[in-house]
Amino acid sequence: MVDQSTRGKTAEEVHPPESVGLPTWERRHVLDLDDFNRREMEQVMETADAMKEVLGREIRRVPTLRGTIVATLFYETSTRTRSSFELAAKALGADVVSVAAAASSVQKGETLVDSARTLQAIGANILVMRHRQSGAPYLVAGHVDMSVVNAGDGWHAHPTQALLDAYTIQHHLGDLRGKKVVIVGDILHSRVARSNIWGLTTMGAQAVLCGPPTLLPWGLRPGYRGNEDKALPPVEVDTNLDRAIEGADVVMALRLQLERQQAGLLPSLREYVQLYQVNEERLARAKPNVLVMHPGPINEGLEISPEVAHGARSVIEEQVTNGVAVRMALLYLLAKGR
Ligand code: CP
């Protein structure tokens, strides 16, 4: 929907509202949500609302971050995260430098830290990075002055995905407090699950993890040393999806990460589908207005049935759309907030 009130106006006349980006934002990096408080998450979501309004205008661009350089450095493939960060930066008037490790001097032996410092030396103010190694963004953040945003590190964290997930849930269901969010699938290998556990818990939602015992982190496997994982906040775990999904407000299916599977974690994909696929029959046990989410990319017909993935309760494409506004909000807060 195009906002007619901006028709014919120049970019300078259509800045985001003055209220955007309260002066209390002090965070330099976004590495995970484990150290975010509720107020910070709300601030991101309020700012994302304003950014969504900008994206609804005829001119989907404001000069707010003119002069800022956002660099993306990706050592793993990405469709959604990378493109939405690039669009977000451009919509705010920033310049964007995009580096794919496969086509960079990494191939000549350049280290991660040297690559990051090189981008800083050419003027980057914010570095958005994805790396297969858990903790890589923390290493970089310790060696640069620019802001570092974790766009996914190994199995560890994907904070901007969790922020856009919380934003999408809040848009449909309002306050997250008390909402039952079932995250089902390959929890073990999922950085999305880990960041969502922090984000949802901070916002007061009831996170329930569900998957085969072999695809749960060791500390969450039933019977393992008191069923605790000290690296996560307290969370419910249920290996039976038919039971876990009862009364759910949200069902978030995770991609079965076939590329990260070690031999023997699953007896067969057929059995996985039988026990853990999110399909119409299982959704009937959830609340009637349940939201179906998936961070993507999807193995359609494996962790989620095509009917559910594209059905009326699916907000999967909306998650992707909201990713641009949420990432605009983060870039804005990082660039202007300090
Ligand atoms: N959800 C997500 O991180 O998708 P991409 O791998 O396409 O960025």
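So, a few notes on the structure that sits alongside this text. (Residues numbered from 1 in each chain as written. Predicted model: local features only at pLDDT ≥ 70, side-chain atom pairs only at ≥ 80, totals over all residues. Heavy atoms only, no water.)

Observations concerning the packing of aromatic side chains
Item 1. In total, this model carries 2 aromatic pairs according to the counting rule given.
Item 2. On the basis of an interplanar angle of 65° and a centroid distance of 6.2 Å, the ring pair of Trp25 and Phe36 is categorised as edge-to-face. Taken together, the residues Trp25 in the segment before helix H1 (38-55) and Phe36 in the segment before H1 connect sequence positions 11 residues apart.
Item 3. Given a relative accessible area of 4%, Phe36 falls into the buried group.
Item 4. Ring geometry for Tyr272 against Tyr276: centres 5.6 Å apart, planes inclined by 35°, an arrangement best described as tilted. (Phe/Tyr/Trp six-rings, centres within 6.5 Å; stacked < 30°, edge-to-face > 60°. Helix = DSSP H or I, 4+ residues; strand = E, 2+ residues; numbered from the N terminus. Buried < 20%, exposed > 50% of the residue type's maximum accessible area, 1.4 Å probe, protein only.)

Topic: the sheet that holds strand S4 (residues 147-153)
Item 1. Taken in spatial order, the 4 strands line up as S2-S1-S3-S4 in an open sheet, and their pairing is parallel. Looking at strand neighbours, the two that pair on one side only are strand S2 (95-100) and S4, the edges of this open sheet. The average angle at which neighbouring strand axes cross in this sheet is 15°, direction not considered.
Item 2. Where strand S1 (residues 69-74) and strand S3 (residues 126-131) come together, 5 bridges link them in parallel fashion. Bridge pairing in S3 links Ala71 to Leu127.
Item 3. Where helix H2 (residues 80-91) meets the sheet, it contacts S1, S2, S3 and S4, and its direction lies at approximately 160° from that of S2.
Item 4. Seen against the sheet, helix H11 (residues 316-336) touches S1, S3 and S4 and runs at an angle of roughly 130° to S3. (Pairing = 2+ DSSP bridges. Axes fitted to C-alpha atoms, helices over the stretch in contact; angles between N-to-C directions. Contact = heavy atoms within 4.5 Å.)

Focus on the packing of H2 against H11
Item 1. In the contact formed by H2 and H11, the axes pass within 8 Å of each other and the chain directions differ by 55°. As the angle between them shows, H2 and H11 are arranged oblique. Crossing geometry of H2 relative to H11 is assigned as right-handed. Side by side, H2 and H11 meet where Arg80, Thr81, Ser84, Phe85, Leu87, Ala88, Ala89 and Ala91 of the first sit next to Val320, Gly323, Val324, Arg327, Met328 and Leu331 of the second. (Parallel < 35°, antiparallel > 145°, perpendicular 65-115°, else oblique. Left-handed = near helix turned anticlockwise from the far one by under 90°.)

Quick notes on unusual backbone geometry
Item 1. Cis peptide bonds are those with omega within 30 degrees of zero, and the linkage from Gly296 to Pro297 qualifies with -10°.
Item 2. Within the element layout of this structure, Pro297 appears in the loop between strand S9 (291-293) and helix H10 (306-309).

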